[in-house]
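The chain contents come next:
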Amino acid sequence: MAKKLVIKVTAGADAPERCSQAFTVAAVAVASGVEVSLWLTGESSWFALPGRAAEFELPHAAPLPDLIDSILAAGRITLCTQCAARREITEKDVLDGVRIAGAQVFVQEAMSDETQALVY
């Protein structure tokens, strides 16, 4: 079994079920003791901003702010550099604990030993 899980979520409010699945899997993995790195790309980039996750609603799904809090408590959330730049999001804009990094870091994480990568 992989000891680390790298998840890239490309969906946001435009594809709510896929978006929620990514955050849910990340939160469950963290709660199970798996090292998790969640990457926000595309429309999910907006969830790196304070208050944006609270606007997300999906019936029968865990609240996105709660999932983000649980991921940040024991895992890592990264906002894609290019995605942030396209949306004019800077490091001073994002939630505490969210970093901004690029494809090189993503590839390095995804290719490390005993790592499973998923894309939603």
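See the structure shown above.
What this report covers is the structure whose coordinates are included nearby. None of the values given here were measured: they were computed from a predicted structure.

A short note on the overall build of the protein
Counting its regular elements, the protein contains four helices and five strands. Mapped in sequence order, the helices and strands of the protein form the string β-α-β-α-β-α-β-α-β. Projected onto the principal axes, the alpha-carbon positions of the protein cover approximately 35 × 35 × 25 Å. Considering the protein as a whole, with its 120 residues, one finds that 42% of them fall into the buried category.

Some remarks on the packing of helix H1 (residues 16-31) against helix H2 (residues 64-74)
For the pair H1 and H2, the least separation of the axes is 9 Å and the interaxial angle reads 40 degrees. What the angle tells us is that H1 and H2 run oblique. Crossing handedness for the pair H1 and H2: left-handed. Facing Phe 23, Thr 24, Ala 26, Ala 27 and Val 30 of H1, the residues of H2 in contact are Leu 64, Leu 67, Ile 68, Ser 70, Ile 71 and Ala 74. In terms of residue class, the contact of H1 with H2 is built from nine nonpolar, two polar and no charged.

Some details on helix H4 (residues 103-110)
All of the buried residues along H4 are Phe 106, Glu 109 and Ala 110. Buried positions in H4, seen along its axis, are confined to an arc of 95 degrees and lie on one side of it. What points out from H4, more than 90 degrees from its buried face, is the exposed set Gln 104 and Gln 108. The secondary structure elements touched by the buried residues of H4 are strand E1 (4-9), strand E2 (35-40), strand E3 (76-80), strand E4 (98-101) and strand E5 (115-119).

Topic: the side chain of Ser 37
With respect to the element layout, Ser 37 can be found in strand E2. Since its relative accessible area comes to 2%, Ser 37 is described here as buried. When sequence neighbours within four positions are dropped, the list of residues in contact with Ser 37 reads Lys 4, Leu 5, Val 6, Ile 7, Arg 76, Thr 78, Arg 99 and Glu 109.

As for unusual backbone geometry
For His 60, which is not glycine, the phi dihedral falls at a positive 65 degrees. In this fold, His 60 is placed in the loop between E2 and H2. Classification of His 60 by relative accessible area gives exposed; the value is 88%.

Cut-offs applied
Residues numbered from 1 in each chain as written. Predicted model: local features only at pLDDT ≥ 70, side-chain atom pairs only at ≥ 80, totals over all residues. Heavy atoms only, no water. Helix = DSSP H or I, 4+ residues; strand = E, 2+ residues; numbered from the N terminus. Buried < 20%, exposed > 50% of the residue type's maximum accessible area, 1.4 Å probe, protein only. Axes fitted to C-alpha atoms, helices over the stretch in contact; angles between N-to-C directions. Parallel < 35°, antiparallel > 145°, perpendicular 65-115°, else oblique. Left-handed = near helix turned anticlockwise from the far one by under 90°. Contact = heavy atoms within 4.5 Å. Nonpolar A, V, L, I, M, F, W, Y, C, P; charged D, E, K, R; others polar. Arc of directions from axis to C-beta.

Purely geometric stuff here, so don't read any function into it on its own.
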